[in-house]
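Residue-level structural notes
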Amino acid sequence: MSRILTVAAAQLGPIQNAEGRDVAVQRMVRLMERAHKRGVELVVFPELALTTFFPRHYHDDIAVADRWFEPAMPSNETAPLFEAARKYGIGFHLGYAEIAQEADETGLVRKRRFNTSVLVSPEGDILLKYRKVHLPGHAAFAPQRVVQHLEKRYFEVGNLGFPVIRAPMGGLEGINMGMMICNDRRWPEAWRVLGLQSVELVMLGYNTPSINQEAGGFEAHHLRVFHSHLSIQAGAYQNACFAVATAKAGIEDGCELFGHSIIVNPQGEIVAMASTWDDELITADLDFGLCTLGRTTIFAFDQHRRPEAYERITSQVGAVDPPVWSKNSAK
Ligand code: ING
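The model shown is predicted, which means the values in this text are computed figures rather than measured ones. (Residues numbered from 1 in each chain as written. Predicted model: local features only at pLDDT ≥ 70, side-chain atom pairs only at ≥ 80, totals over all residues. Heavy atoms only, no water.)

What to know about the sheet that holds strand β9 (residues 242–247)
What counts here: Strands are treated as partners if at least two bridges between them are detected by DSSP. Helical segments are the DSSP runs of H or I of at least four residues, strand segments are the runs of E of at least two, and each set is numbered from the N terminus. Axis definition: a line fitted to C-alpha atoms, over the contacting stretch in the case of helices. Angles run 0 to 180 degrees between N-to-C directions.
Strands sit in the order β6-β7-β8-β9-β12-β13 across an open sheet of 6 strands; the sheet is mixed. The open sheet has two edge strands with one neighbour each: β6 (164–169) and β13 (270–273). Going from strand to strand, the sheet's axes swing by 25° on average, the running direction of each strand aside. As judged from the 6 bridges shared by strand β8 (residues 201–206) and β9, these two strands associate in the parallel manner.

Put into structure tokens, the structure is as follows:
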């Protein structure tokens, strides 16, 4: 009996600095309505989908940036998404900036800020929450940069790990679903932690500039999309899972983000891709039986992985220099 889920990547075009959440939420509800007409059962929205990509703006007083965050989910502003989910019987993934009042590792309860995503059932239950682990960019104002990328200033490193949950979705009684966010897709460790929990569907949103804003060297423009797709296709193939990767795209306050949202199968093939850099819905039927081949042969982790050889992966943070060969090196 095949297990098939019809999904959509609901790509968003730009959200300008001055545009409120209501504009974004209305656009997302329209995409859910279109998804419903196509028989879609799960919609994946981008990272930080409710506002402009505000980490490009420096605020001396970090509290000034609180206006970009959600102190609750759902909230009055996001309630229409939950209502649409119930109305259309569609689950959804949403990326947003989260403010939480919770204890830190010292036990101190304080205001904490995360780059967060949630997976919501058609009934409005939050099935899974994830907080972005790999925060790119920098924490202090970087004068040499064309555009700032201050995720390390506005967010703490995610403290929920990379969780996977088996939950009902669409007509299926259980699917193993996990999430990551944007820069996480470039780190194979993130994919493998999900793969080691038998993930079948990875959902991720991203906001990625279309040109390199580091003054660190030349990078041909076409490589931006290539590297994004390469990371997602490799992650899906090497963990025998599906991936739905959804962009926020277009020109936000003069800064261009690329689109090219994709849906990828466990063979690493792109089965659907957005062709605009605006609001666009791409859909696919995911047959989770396609995960079986990889996880019972090439990537049968229990038969082939050798953790005793991987110690560096968790014991080291940065790379170290290798030993230097010399003629009289010990053989
Ligand atoms: N954005 C970018 C991303 O990882 C980036 C940052 C762009 C890093 C290009 C490296 C190269 O897609 C976010 N929001 O993580």
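Here we look at unusual backbone geometry
Across the junction of M73 and P74, the peptide omega takes the value 5°, indicating a cis bond. Within the secondary structure, P74 sits in the loop between β2 (42–44) and α2 (79–88). Phi angles above zero are rare outside glycine, and L48 is one such case at about 45°. Along the chain, the position of L48 falls in the loop between β2 and α2.

So, the environment of P136
Note the threshold: Only protein chains enter the accessibility calculation, which uses a 1.4 Å probe; a residue whose area is less than 20% of its type maximum is buried, one above 50% is exposed, and one in between is partly exposed. By definition, residues are in contact when any of their heavy atoms lie within 4.5 Å.
You can see P136 is positioned in the loop between β5 (126–131) and α3 (151–154). On the basis of relative accessibility, which here comes to 18%, the residue P136 falls in the buried class. Separated by 124 residues in the primary sequence, P136 and L12 place their C-alpha atoms 21 Å from one another. Once residues within four sequence positions are removed from consideration, P136 is found in contact with H149, E151, K152 and N183.

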